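# Inside the fold
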Amino acid sequence: MLPRGPLRGEPGPPAPVASRSRYRFGEFTLSPARRVLLRGGREVPLIPRYLDLLILLVRRRQEAVPRRDILDVVWSDVVVSDGALTQAVRTLRRALGDQSREPAFVRTVSRHGYQFVFPDVVEEPEGPALAASPVAPSLASDPDRWESALGRLLVSGPVAAGEEGEAERREAAEALHALGTAEALRRLDARPGHETARAVLRDTRWEVPGAGEVPLLGVPGGLEAARILVEMRLRRALRLAGRRWTGASAGGALAGLVGGGLGGLALVLAPGSPAPARVLAPLALVGAVVGGLGAAGVGAGLAMAEALARSLRGLALVALGALGGAVVGFAAHVLGRWTLAALFGQDLWMVGGGLEGLGLGAAAGLGYALATPRPEGGMAAPRGGERMTAALVAGLCCALAAIALTLAGRSLAGASLNVMARAFQGSQVGLAPLARLVGEREMGPLTRTVMASYEGFLFGLGLILGLTRRVR
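These numbers come from a predicted model, not from an experiment.

The next point concerns the overall build of the protein chain. Within the protein chain, the secondary structure is distributed over 15 helices and eight strands. Going through the 472 residues of the protein chain one by one, you find that 51% of them count as buried. In the protein chain, the share of contacts with a sequence separation of at least 24, taken over all contacts with a separation of at least 6, comes to 72%. Within the structure as shown, the protein chain displays about 21,500 Å² of accessible surface, and the carbon and sulfur contribution to it stands at 64%.

See the structure below:
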């Protein structure tokens, strides 16, 4: 990812050698090393991600940069909707004085991405420090910028509806944070509709380095602003969580398929086992169904937690992961008992369910939170080795939780399957042959512990690999 520094051009992290050039185009000068865009010697305020986007487009100006590449570079550490990119491009165009229909700087390439099209870009060595006028020397000297941002933030009706309207208001809120959060709040409090504006300011303060606090308690309209904030985050959460939820479900199903298949293979090959080779496919299918359902519940909880939570992200991951697992586990337990009792007259109450789902969901959330800390909240997007590390940590936490549940007398998938096999005469999937592999005649504490840790580890691994899969 491109190096990121503070909003107003203070020194950021050291830039790589390749970035020790600056670019001149029209009346603008772009310095990647110093993290600043100047127009006629005066700094143009841009939040860090938008500056990263401009740098990327200028550096790759000979080509149309695909949306996927932009998201992978500029938003490599967080999952966002396509609306975030649209908002960023709109902000860049406004900063450059550009038009979307007749672009002089940033052209939209339909169904592909964006390209920087200004023809006369001069690339030169960075040289001495650039002299820049302050962004906003005084409130009185730049009233138009305040009024423009306040007007866009306070817009209501059909114009403000939908994802485009929300993106426009968020952009205006970020601009107000850059000008000064405290002054923005002072100006808003005297205007109608300030509750919604306050909610948007509160939600965007995490995106602008140096933004001030936006209190909701003890201020006029604060409770209404809190209600609007919750509603706004829920809408966004549902949009963003949908993709993660499907990925988590698929990851859990794949892990269950592999786990069930390998477990079935071990059962068939175990000395003295009566299980025929044809049990491999049913056991793999059962594993896929159980893993997919469990991951659907836990994955939904984790995705919602990341989309909703900010400062309490870790706690939200544990709590909502546990809740999602408990709901799905309890529903599967009740439905399974009802089905077996109705069809076969067997009420197998000891089959695992809600408590097991709660424990595994909490463990998955804990492992994921520990491996992907984000103090500013939001959806983490680990890649490569970081992604595998997160999956391994979550798998280990789930394995430990599974062992604790087993020691407390609870049953996971393997133990539940063994209970059902013993209840039905002639079943060929009793797991006693596996117990003998670890020195027990029947499934005892050791066998149950080994199997539970195996199931828990695979579940956590597949869940997080699926949850963090990049889908665009």
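Read on, since the account is not over.
In this model, the protein chain carries an average pLDDT of 79, and 81% of its residues clear a pLDDT of 70 or more. Within the model, pLDDT remains below 50 along residues 1-18, and this stretch shows 50 contacts once partners closer than five positions in the same chain are excluded. In the predicted structure, residues 133-141 sits below a pLDDT of 50 and forms 16 contacts with residues beyond four places in sequence or in another chain.

Turning our eyes to something else, we now look at the side chain of arginine 205. Here arginine 205 lies in the loop between helix 7 (194-204) and helix 8 (222-269). Every residue in contact with arginine 205, bar those within four places of it in the chain, is listed here: His177, Ala211, Gly212, Glu213 and Val214.

On to the packing of aromatic side chains. Applying the stated criterion across every chain, the model contains seven aromatic pairs. Ring pairing ties together the aromatic residues Phe25, Phe28, Phe105, Phe116 and Phe118, which thus form one cluster. Over the face of the ring belonging to tyrosine 368 we find arginine 313, whose NZ or CZ atom lies 5.4 Å from the ring centre.

Quick look at the sheet that holds strand 5 (residues 65-66) now. The strand order across the open sheet built from three strands is 5-7-6, with neighbouring strands paired in antiparallel fashion. In this open sheet, the two strands that pair with only one neighbour each are strand 5 and strand 6 (106-109). Bridge analysis of strand 5 against strand 7 (residues 113-116) gives two bridges, and the strand direction is antiparallel. If you follow proline 66 over to strand 7, its bridge partner there is glycine 113. Across the sheet, helix 1 (residues 48-59) touches strand 5, strand 6 and strand 7, and the angle it forms with strand 7 is around 70°.

What follows covers unusual backbone geometry. Of note in the backbone geometry, arginine 35 takes a positive phi value of approximately 60° without being a glycine. Assignment of secondary structure puts arginine 35 in the loop between strand 2 (28-31) and strand 3 (36-39). The buried category is assigned to arginine 35, whose relative accessible area is 3%. The residue arginine 111 is not glycine, and still its phi comes out positive at about 60°. Mapped onto the elements, arginine 111 comes out in the loop between strand 6 and strand 7.

Between helix 12 (residues 385-407) and helix 15 (residues 445-467), whose axes approach to 7 Å, the crossing angle comes to 145°. Crossing handedness for the pair helix 12 and helix 15: right-handed. Within the contact of helix 12 with helix 15, the residues separate by chemical class into 17 nonpolar, six polar and two charged.

Attention shifts here to the sheet that holds strand 3. What the five strands build is an open sheet, ordered 4-3-2-1-8; its pairing is antiparallel. Bordering the open sheet on either side are strand 4 (42-43) and strand 8 (121-125), each of which pairs with just one other strand. Those strands touched by helix 1 are strand 1 (21-25), strand 2, strand 3 and strand 8, and its axis lies near 100° from that of strand 2.

Take a nonpolar patch on the surface next. On the surface, Leu254, Leu257, Val258, Leu262, Leu265, Leu269 and Tyr454 cluster together into a nonpolar patch covering about 640 Å² of accessible area. Tracing the backbone shows leucine 265 in helix 8. Judged by relative accessible area, leucine 265 falls into the partly exposed class, the value being 36%.

Once that is clear, we can look at the pattern of salt bridges. Going through the model one piece at a time under the given rule, you end up with 14 salt bridges. Among the salt bridges present, the one from arginine 35 reaches aspartate 52, with a minimum N-O distance of 2.9 Å. Here arginine 35 is found in the loop between strand 2 and strand 3, whereas its partner aspartate 52 is found in helix 1, with 17 residues between them in sequence. Residues arginine 60 and glutamate 63 are paired through a salt bridge, measuring 3.1 Å at the closest nitrogen-oxygen approach. Using a relative accessible area of 24% as the deciding quantity, one classes arginine 60 as partly exposed. Ionic contacts of the salt-bridge type, sharing partners, join the residues Arg22, Arg24 and Glu124 into one network.

Here the focus is the nonpolar core. One broad rule of soluble globular proteins: the nonpolar side chains tend to lie buried together. Grouped together as the largest cluster of nonpolar side chains are 35 residues, with contacts concentrated most on Phe25, Leu37, Ile70 and Phe116. The set of elements that each furnish at least two residues to this core consists of strand 1, strand 2, helix 1, helix 2 (67-74), helix 3 (82-96) and strand 7. Per-element tally for this core: the top contributor is helix 1, with eight residues. Leave out the neighbours within four places in its chain, and isoleucine 70 touches Leu53, Leu56, Leu57, Val65, Trp75, Leu85 and Tyr114. With 29 residues, the next largest nonpolar core counts Ala295, Val298, Ala394 and Ala402 among its residues.

Criteria and cut-off values
- Residues numbered from 1 in each chain as written.
- Predicted model: local features only at pLDDT ≥ 70, side-chain atom pairs only at ≥ 80, totals over all residues.
- Heavy atoms only, no water.
- Helix = DSSP H or I, 4+ residues; strand = E, 2+ residues; numbered from the N terminus.
- Buried < 20%, exposed > 50% of the residue type's maximum accessible area, 1.4 Å probe, protein only.
- Contact = heavy atoms within 4.5 Å.
- Areas by Shrake-Rupley, 256 points an atom, 1.4 Å probe, with all protein chains shown as cover.
- pLDDT = per-residue confidence, 0-100.
- Phe/Tyr/Trp six-rings, centres within 6.5 Å; stacked < 30°, edge-to-face > 60°.
- Lys NZ or Arg CZ within 6 Å of the ring centre and 35° of its normal.
- Pairing = 2+ DSSP bridges.
- Axes fitted to C-alpha atoms, helices over the stretch in contact; angles between N-to-C directions.
- Left-handed = near helix turned anticlockwise from the far one by under 90°.
- Nonpolar A, V, L, I, M, F, W, Y, C, P; charged D, E, K, R; others polar.
- Patch = residues over 30% accessible without salt bridge, like charges linked within 9 Å, V, L, I, M, F, W, Y side chains within 5 Å.
- Salt bridge = Lys/Arg side-chain N within 4 Å of Asp/Glu carboxyl O.
- Core = buried A, V, L, I, M, F, W, Y, C linked by side-chain atoms within 4.5 Å.

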